[in-house]
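The primary structure of each chain is shown beneath.
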Amino acid sequence: MEYILYCDESSDDGELYGDFFGGCILPAGKQQRISDALEAKKRELHLFGEIKWTKVTEPYVEKYCEVIHSFFDFVRSGDVRVRIMFRKKANQYRRRGVPGKDKYFKLYYQFIKHAFGFSTPASVTGEYYLHVLLDELPDHTQLADAFKEYLCKMPAISGYEASGIHIRKRDIGEVRSHDHVLLQCVDVILGAMFFRLNRLHLQIPAGASRRGKRTIAKEKLYKYILSEIRTIHPGFNIGVKTGARGREYPHWSSPYEHWEFIPNEGVRSNL
C-alpha cells in the first residue's frame, strides 16, 4: 500500500495564533481520480488558476464554496483525511536558543509525526510506503535537508517500531501548490482557520467605518467550511481540538482532525 501526504504551512504570524500547519493524506491509487474530479469542478466554475485563501473575493466566494464542498465529499467518504495544527501565541515554544527557521522545521516535524497517526500499529494499518509532498519550503539550507532526513528516520524512532510506515528519501519532495488541487484545498481551509482564530473577520480598514467586502467574503467562506466540518464533527468548535470521538485510533482514521499544539519543557532539543 502507498499513501500520498500533502503538507502546507502558513507563514503568517497572527496576533493570537500562529504556526499553522495543514495537510491531507490519501491512498496513492485514488490520487488521480480525486484530483481530476476537483479540477473538473474548478473548470465547471471557470476557476482556471490556483485557488488560494489569499485570492478569496466577493465575486468568487460561492465558487470556492462549491469546490470545498466537493473536497469535503471525499473527506466524508474517508478517501481523504485532513489535519490542521496551530499554536496559541500565549503558549510559547520554550526551547531556549531556537531560532525562527529552526523552530519552523521542528514544529513542521511535530505536525507530521503526530497528526496523522503514523505510530498506529501495522496490525491496524498494514505495511505502507508514505510519499510526502511538501508545499515549497521557504528555506533550502541544511535545516531543510536535516528536516527531510528526520522524516526518513521517523519509522525507526521509539513508539513507531510496530507501525507499518516506511519512508524513502526519494519519496520526499517539494511541489508547487499551483499544480496540485488537493494542496490548494488544504491552503483554503488552513487560511480560514488562521483568519477566524485571529479574529480577522472583525477587521475594519483604517479610515473606514465598516468591514471591507473581501473580509465579509472570507468570513462567509470560513462559515461554510465550518459547516462542512460539522457534518463530520457535530458541534465542532475551531478553538478546541477534535479529540478521539469514540475512535480507537483517531489520528489515523478520523476524516478531519484539528489540534492546538501546546509546547512543554519536555520538547527534545533534536527533532
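You'll find the structure just up there.
Owing to the predicted nature of the structure, the values given are computational and were not obtained by experimental measurement.

Asks: Help me out: how do you make sense of the packing of aromatic side chains in this one?
Replies: The geometry of an aromatic ring pair is captured by two quantities: the separation of the ring centres and the angle between the planes. Taken as a whole and assessed by the stated rule, the structure comprises 21 aromatic pairs. Ring geometry for Phe-105 and Phe-147: centres 5.3 Å apart, planes at 40°, overall tilted. On the criterion of sequence distance, the pair formed by Phe-105 in helix H3 (residues 100-115) and Phe-147 in helix H5 (residues 142-153) is long-range, its members being 42 residues apart. Overall, the relative accessible area of 0% leaves Phe-147 in the buried class. Consider the rings of Tyr-128 and Trp-252, whose centres lie 5.2 Å apart with planes at 40°: the pair is tilted.

Asks: Honestly, unusual backbone geometry in this entry has me stumped. Any pointers?
Replies: Trans is the common state for peptide bonds, and a negative phi is the common state for residues other than glycine. Positive phi, normally seen in glycine, also occurs at Asp-19, with a value near 55°. Under the relative-accessibility criterion, Asp-19 is labelled buried at 13%. Its identity is not glycine, yet His-46 carries a phi of approximately 60°, on the positive side. Positionally, His-46 belongs in the loop between helix H1 (28-44) and helix H2 (61-77).

So, how was this worked out
- Residues numbered from 1 in each chain as written.
- Predicted model: local features only at pLDDT ≥ 70, side-chain atom pairs only at ≥ 80, totals over all residues.
- Heavy atoms only, no water.
- Phe/Tyr/Trp six-rings, centres within 6.5 Å; stacked < 30°, edge-to-face > 60°.
- Helix = DSSP H or I, 4+ residues; strand = E, 2+ residues; numbered from the N terminus.
- Buried < 20%, exposed > 50% of the residue type's maximum accessible area, 1.4 Å probe, protein only.

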